Amino acid sequence: MGKHQKQYSAEFKQDAVNHYLSSGKSMEEVVKDLKVSKSSLSKWVASARTHDGTVNHRGSGNYSSEAEKEIARLKKELRDSKDALDILKKAISILNP
């Protein structure tokens, strides 16, 4: 199925950015310290730099438009349908050897 991404709280992201900016350590060192991916930390730092030092964080379920909300709902529905289809295919292969 799909790969699961770890989700971090807005507070954790902000603390990670503050730690990186104030510690004087390289990004690689901070990534090892916090056990996060370099790409995640890079995104958070870039967000903080464009938003006056604050990491821009939209929680799950917060969409900027109704269209985005509908797209997310349809993607979830499609994912659920694919999961159900996979289960049915496995059941058929078990019942029809």
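Structural data are supplied above this passage.
The residue numbering used here restarts from 1 in each chain and proceeds along that chain's sequence as written. Where local features are concerned, this predicted model is filtered to residues with pLDDT of at least 70; where side-chain atom pairs are given and counted, the filter is 80 or more; whole-chain, interface and lining totals use all residues. As a rule here, side-chain values come from all non-hydrogen atoms in the structure, and water together with hydrogens is ignored.

Participant: In this structure, what is going on with the pattern of salt bridges? I would like to understand it.
Facilitator: When the charged atoms of two side chains with opposite charge come close together, those side chains can pair. In the sections that follow, a salt bridge refers to a side-chain nitrogen of Lys or Arg positioned within 4 Å of a carboxyl oxygen of Asp or Glu. Under the defined criterion, the tally for this structure stands at five salt bridges. Across the pair K38 and E28 runs a salt bridge, and its minimum N-O distance is 2.6 Å. Linking K38 in helix α3 (residues 38-50) with E28 in helix α2 (residues 27-34), this pair joins segments that are 10 residues apart in sequence. The cut-offs for exposure are 20% and 50% of the maximum accessible area for each residue type, with area from a 1.4 Å probe on protein chains only; residues under the lower value are buried, those over the upper are exposed, and the others partly exposed. For K38, a relative accessible area of 42% gives the class partly exposed. When the shortest N-O distance is used, the salt bridge between K76 and D80 registers 3.0 Å. Of the two residues, K76 and D80 are both situated in helix α4 (residues 66-95); the distance of four residues between them amounts to about one turn of the helix. Here a helix means four or more residues in a row that DSSP labels H or I, a strand means two or more in a row labelled E, and each is numbered from the N terminus.

Participant: Just checking my understanding: could you explain the side chain of Q14 for this structure?
Facilitator: Looking at the element boundaries, Q14 is found in helix α1 (residues 10-23). Two N or O atoms form a polar contact when they lie within 3.5 Å of each other; inside protein one atom must be a possible hydrogen donor and the other a possible acceptor, and for residues adjacent in sequence the pair counts only when both atoms belong to side chains. At a separation of 2.8 Å, a polar atom in the side chain of Q14 contacts the main-chain amide nitrogen of V55.

Participant: Please explain the packing of α1 against α3 as it appears in this structure.
Facilitator: Lines fitted to C-alpha atoms define the axes here, with helix axes fitted over just the stretch in contact, and angles between the N-to-C directions of these axes take values from 0 to 180 degrees. Orientation of α1 relative to α3, taken along the N-to-C sense of each, is 85 degrees, at an axis distance of 9 Å. Between α1 and α3, the crossing angle belongs to the class labelled roughly perpendicular. In contact with F12, K13, A16, V17, Y20 and L21 of α1, α3 contributes L41, W44, V45, A48 and R49. Tallied by class, the residues present in the contact of α1 with α3 amount to nine nonpolar, no polar and two charged. The cut-offs work like this: below 35 degrees is roughly parallel, past 145 is roughly antiparallel, 65 to 115 is roughly perpendicular, and the gaps in between are oblique. By definition in these notes, contact holds between two residues if any of their heavy atoms fall within 4.5 Å. Only Asp, Glu, Lys and Arg are considered charged, only Ala, Val, Leu, Ile, Met, Phe, Trp, Tyr, Cys and Pro nonpolar, and every remaining residue, Gly among them, polar.

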